[in-house]
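An overview of the molecular structure
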Amino acid sequence: MFEFTKPFFDDVEKVAGRIRGAVQQLRIAAPSIVLHDYVPELLQRVRRRFPIFRLQLHEAARGDAERLLQAGEIDLAITVIDSKRRPEIHSRPLLELPLILLVNKKHHLTTAKQLWSRDKIEETLITFPRGDAVHTHFQRGLDQFGVEWFPGIEVTSTRLIEHYVANGYGVGAAVATPGFKPPPGVRVISLPGFPPVVVGAAWLGKLSPIAEQFLAEVEIEASVVKRSTKLR
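Residues numbered from 1 in each chain as written. Predicted model: local features only at pLDDT ≥ 70, side-chain atom pairs only at ≥ 80, totals over all residues. Heavy atoms only, no water.

Further remarks concern the packing of aromatic side chains. Scanning the model with the defined rule gives six aromatic pairs in all. Relative to Phe 194, the ring of Trp 116 has its centre 5.8 Å away and its plane inclined at 25 degrees; by these criteria the two rings are stacked. Note that Trp 116 is positioned in helix 6 (residues 113-116) and Phe 194 in the loop between strand 9 (186-190) and strand 10 (197-203), a separation of 78 residues in sequence. A relative accessible area of 9% places Phe 194 in the buried class. Measuring from centroid to centroid gives 5.2 Å for Tyr 164 and Tyr 169, while their planes differ by 65 degrees, and the two rings are edge-to-face. Look at Tyr 164 and you get partly exposed, because its relative accessible area is 30%. Three or more aromatic residues link up through ring pairs in this structure, and these residues are Trp 116, Phe 138, Phe 145, Trp 149 and Phe 194. (Phe/Tyr/Trp six-rings, centres within 6.5 Å; stacked < 30°, edge-to-face > 60°. Helix = DSSP H or I, 4+ residues; strand = E, 2+ residues; numbered from the N terminus. Buried < 20%, exposed > 50% of the residue type's maximum accessible area, 1.4 Å probe, protein only.)

Below you can see the structure in the form of structure tokens.
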């Protein structure tokens, strides 16, 4: 019996490997706006080369994305790239996103200089929590102008910032994503002199063929966005 079944068990690992390899897997982490507005089109392009694959999408800020990478739960993250990332994480910058202020259109504020010229800013600042890249870059920009202005309302998404600004709770600090349009009742104020937030791809180790293809599509899309931005 042993001699009869031995060839089968000797090849179990090979067969299992072929089965696992037959269906590619792609696991991505990114902020909700990226997953909603950009990833669907990118996946359509990936399907031209990989028609069938399993897909896992994780909504994640930078800290969560790094944790998922370290745990081996994702292949690739689209996230903020900065000097604080772990050395073992590979990264590739894709876009620089400018910081902006969002104000209710009923508010008299039209330029950032109107705020910086004051002895004290009375408006409530609505932005991301301390430690988030947007918060860090915004405070760095304020330091350049010698201005103190700390968050009164902390939220976890740009859409929440927009919502609370539209409802008159304060002034929001966010980033302008490609093609960004403010919601009704909200005005955008630019922040010249503030450092941009760099968004890129991050991963650990060697990428699988399908993850490499997805990264290539992301880079192509980023190049298109850069060219269209320069033409405006």
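Let's shift gears to the sheet that holds strand 3 (residues 76-80). Here five strands make up an open sheet; going across it, the order is 2-1-3-10-4 and the pairing mixed. The two strands at the open ends of the sheet, each matched to only one other strand, are strand 2 (53-59) and strand 4 (90-97). Going across the sheet, the axis of each strand differs from the next one's by a mean of 20 degrees, ignoring polarity. Running at roughly 160 degrees to strand 2, helix 4 (residues 39-49) makes contact with strand 1 (24-30) and strand 2 of the sheet. (Pairing = 2+ DSSP bridges. Axes fitted to C-alpha atoms, helices over the stretch in contact; angles between N-to-C directions. Contact = heavy atoms within 4.5 Å.)

In an α-helix, one turn spans 3.6 residues, which is why side chains three or four residues apart end up on the same side. Its 12 residues place the ends of helix 7 (residues 133-144) 17 Å apart at the C-alpha level, agreeing with the 16 Å of an ideal helix rising 1.5 Å per residue. Every buried residue of helix 7 is accounted for by Ala 133, Val 134, His 135, His 137, Phe 138, Gln 139, Gly 141 and Leu 142. Of the residues flanking the start of helix 7, the one acting as N-cap is Asp 132, its side-chain oxygen 2.8 Å from the backbone nitrogen of Val 134. Where helix 7 terminates, the next one or two residues include Gly 146, which has phi positive at roughly 65 degrees. (Expected span 1.5 Å × (residues − 1). Polar contact = N/O pair within 3.5 Å; in protein donor to acceptor, adjacent residues only side chain to side chain.)

Time to look at the sheet that holds strand 9. Pairing is mixed across the open sheet formed by five strands, whose spatial order is 7-6-8-5-9. The open sheet has two free edges, formed respectively by strand 7 (151-154) and strand 9, since each of these has just one partner strand. Averaged over neighbouring strand pairs, the angle between their axes works out to 35 degrees when direction is ignored. Two strands pair when backbone bridges link them, and strand 6 (residues 125-127) and strand 7 are joined in this way by three bridges, in the parallel orientation. Paired with Thr 127 across the two strands is Glu 154, which belongs to strand 7.

On to the environment of Phe 145. Assignment of secondary structure puts Phe 145 in the loop between helix 7 and strand 7. Between the alpha carbons of Phe 145 and Lys 113 there is a distance of 9.9 Å; along the sequence they are 32 residues apart. Setting aside its immediate chain neighbours within four residues, Phe 145 contacts Trp 116, Pro 192 and Phe 194.

Here we take up the layout of surface pockets. What the largest pocket holds in volume is close to 1100 Å³. Around the largest pocket, the lining comprises 43 residues; the ones closest to its centre are Pro 31, Ser 32, Ile 33, Val 34 and Thr 177. Listed by contribution, the elements that provide at least two residues to the lining of the largest pocket are helix 3 (32-37), helix 5 (62-70), strand 3, strand 4, helix 7, helix 8 (158-166), strand 10 and helix 9 (209-231). By residue class, the composition of the lining of the largest pocket is 24 nonpolar, nine polar and 10 charged. (1 Å grid on protein atoms, 1.4 Å probe; cavity = no way out; pocket = protein on both sides within 12 Å on 5 of 7 lines; lining within 4 Å. Points joined across faces, edges and corners; volume = space filled by probe spheres on them. Nonpolar A, V, L, I, M, F, W, Y, C, P; charged D, E, K, R; others polar.)

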